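Examining the three-dimensional arrangement
Below are the chains, spelled out letter by letter.
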Amino acid sequence: MLTVDNFNFKDEKVLIRVDFNVPLDSNFNITDDSRITAAIPTIKKILNDGGSCILMSHLGRPKEGPADKYSLKHIVSRIEQLSGSKVLFADDCIGATATELSANLQAGEIVLLENLRFYQNEEKGDVEFAEKLSKYGSFYVNDAFGTAHRAHASTAVIAQFFSGKKCFGYVMANEIANAEKVVKHPERPFTAIVGGAKVSDKLLIIENLMDIADNIIIGGGMAYTFAKAQGGKIGKSLCEDDRMPLALELIEKAKSKGVNLYLPADSVVADNFANDANTNVSENNQIADNYMGLDIGPVASKLFCEVISNSKTVLWNGPMGVFEMSSFEAGTKAVALALAEQTKNGGFSLIGGGDSAAAIHKFHLANQVSYVSTGGGALLEYFEGKELPGVKAILD
Ligand code: AMP
């Protein structure tokens, strides 16, 4: 895998696709700058070699061209703070200013281009648009794992204009190395924990993991589709009736492949989707009509934690319940703590997918697990067995 460590960037103008899609509050203050922080080592390596950087990113989902609230000008000063270098800003990613700034760029300098998604050509993967962007630099680095599953102009299409002069940045290299460690060389037993709201979002990943994992733990709202499919009473819990046959198929598939599939035996149930609702603990297949399951119960939690602590490798994608509310966070927190313990005992743990990453941060355990991925959709697609266009474009 070619990374920035394989090159010396002296006198190169390096076009870097970064993921600076950071959350902003109503006054355009950055509320979480971890995506910028993550890209700084790649930027510094290039500048320290004597090169210069042209940074390109998207921010939010602008639908109809330029919009002030999606402008990357709001993040210029934070990049300056974190990189310790002056950052010039091109207020249009295509056109005279961007051309001039990049043409005059000196070693050690940084230019940030305005939001790529102000042009629809970006998401359409337009070749001409990609070629225009490519003219700004002499070398292409992709460090945006969060968009690696998209065949956009700046994430994949552009790479064809940099034959022999393209590679991964540190964020991408790290993400790929950690994901590959789990898929290609997991120390066994390997346990995959899949949670979250809907089965439909996670069917492909569960199916693909059947060929790799020794144990699959299912939690969260999606567990109730399995419970109902098996004839259980699930009250008002989340359920995708049309996915019940598939849920039964997955149970059968696990049996035939010798994979241990763990479904929650019990749940914390509530009479309302609210933190102050009346709650109870119920067997998962005996939930009263006016109650809904919002977290795994103590029996499930204990078993899941035992399986985790006996595992050498664990992948966690999706929470065990509505962890955003304190009344329903216990199951997700127990799993997070079990992961920290398993990691402390020498195991490898990879946390990925937006909501499990959010959960591990909420419980302040992010630095006690092996790796927390920054790419929600990209990591999910990787574990679904799909080829990521942003990765392929560099390898081609
Ligand atoms: P996902 O994005 O599919 O991983 O789903 C994450 C979301 O699922 C979180 O916002 C959780 O609050 C929600 N969730 C987890 N368990 C349940 C449940 N039992 N009922 C309703 N929502 C849930």
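Residues numbered from 1 in each chain as written. Predicted model: local features only at pLDDT ≥ 70, side-chain atom pairs only at ≥ 80, totals over all residues. Heavy atoms only, no water.

Structural notes on empty space enclosed by the protein
What the rule picks out here adds up to one cavity of 30 Å³ or more. There is about 90 Å³ of room inside the largest cavity. Lining the largest cavity, in full, are Asp19, Arg35, Ala38, Ala39, Asp143, Ala144, Phe145, Gly146, Val171 and Thr374. Ranked by residue count, the leading element in the lining of the largest cavity is helix 1 (residues 34-49), at three residues. Residue composition of the lining of the largest cavity, by class: five nonpolar, two polar and three charged. (1 Å grid on protein atoms, 1.4 Å probe; cavity = no way out; pocket = protein on both sides within 12 Å on 5 of 7 lines; lining within 4 Å. Points joined across faces, edges and corners; volume = space filled by probe spheres on them. Helix = DSSP H or I, 4+ residues; strand = E, 2+ residues; numbered from the N terminus. Nonpolar A, V, L, I, M, F, W, Y, C, P; charged D, E, K, R; others polar.)

Notes on the nonpolar core
A general trend in soluble globular proteins is that nonpolar side chains are found buried together. Ranked by size, the top nonpolar core spans 65 residues in total, and within it Leu113, Leu133, Ile206, Leu209 and Phe383 carry the most contacts. Counting residues domain by domain, this core receives three or more from each of domain 1 (4-170) and domain 2 (186-383). When neighbours within four sequence positions are excluded, Leu113 is seen to be in contact with Ile54, Leu55, Met56, Leu72, Phe89, Ala90, Cys93, Ala98, Leu133 and Tyr136. The next biggest cluster of nonpolar side chains, apart from the first, holds 28 residues, and it includes Phe9, Val18, Cys53 and Leu59. (Core = buried A, V, L, I, M, F, W, Y, C linked by side-chain atoms within 4.5 Å. Buried < 20%, exposed > 50% of the residue type's maximum accessible area, 1.4 Å probe, protein only. Domains from an automatic or database assignment. Contact = heavy atoms within 4.5 Å.)

Re the domain arrangement of the protein
Taken domain by domain, the protein consists of domain 1 (4-170) and domain 2 (186-383). Centre-to-centre separation of domain 1 and domain 2, based on C-alpha positions: 36 Å. Across the boundary between the two partners, domain 1 contributes five residues, which contact seven residues of domain 2. Carbon and sulfur atoms supply 66% of the area buried between domain 1 and domain 2, which totals about 470 Å² over both sides. (Buried area = accessible area lost by both parts, 1.4 Å probe.)

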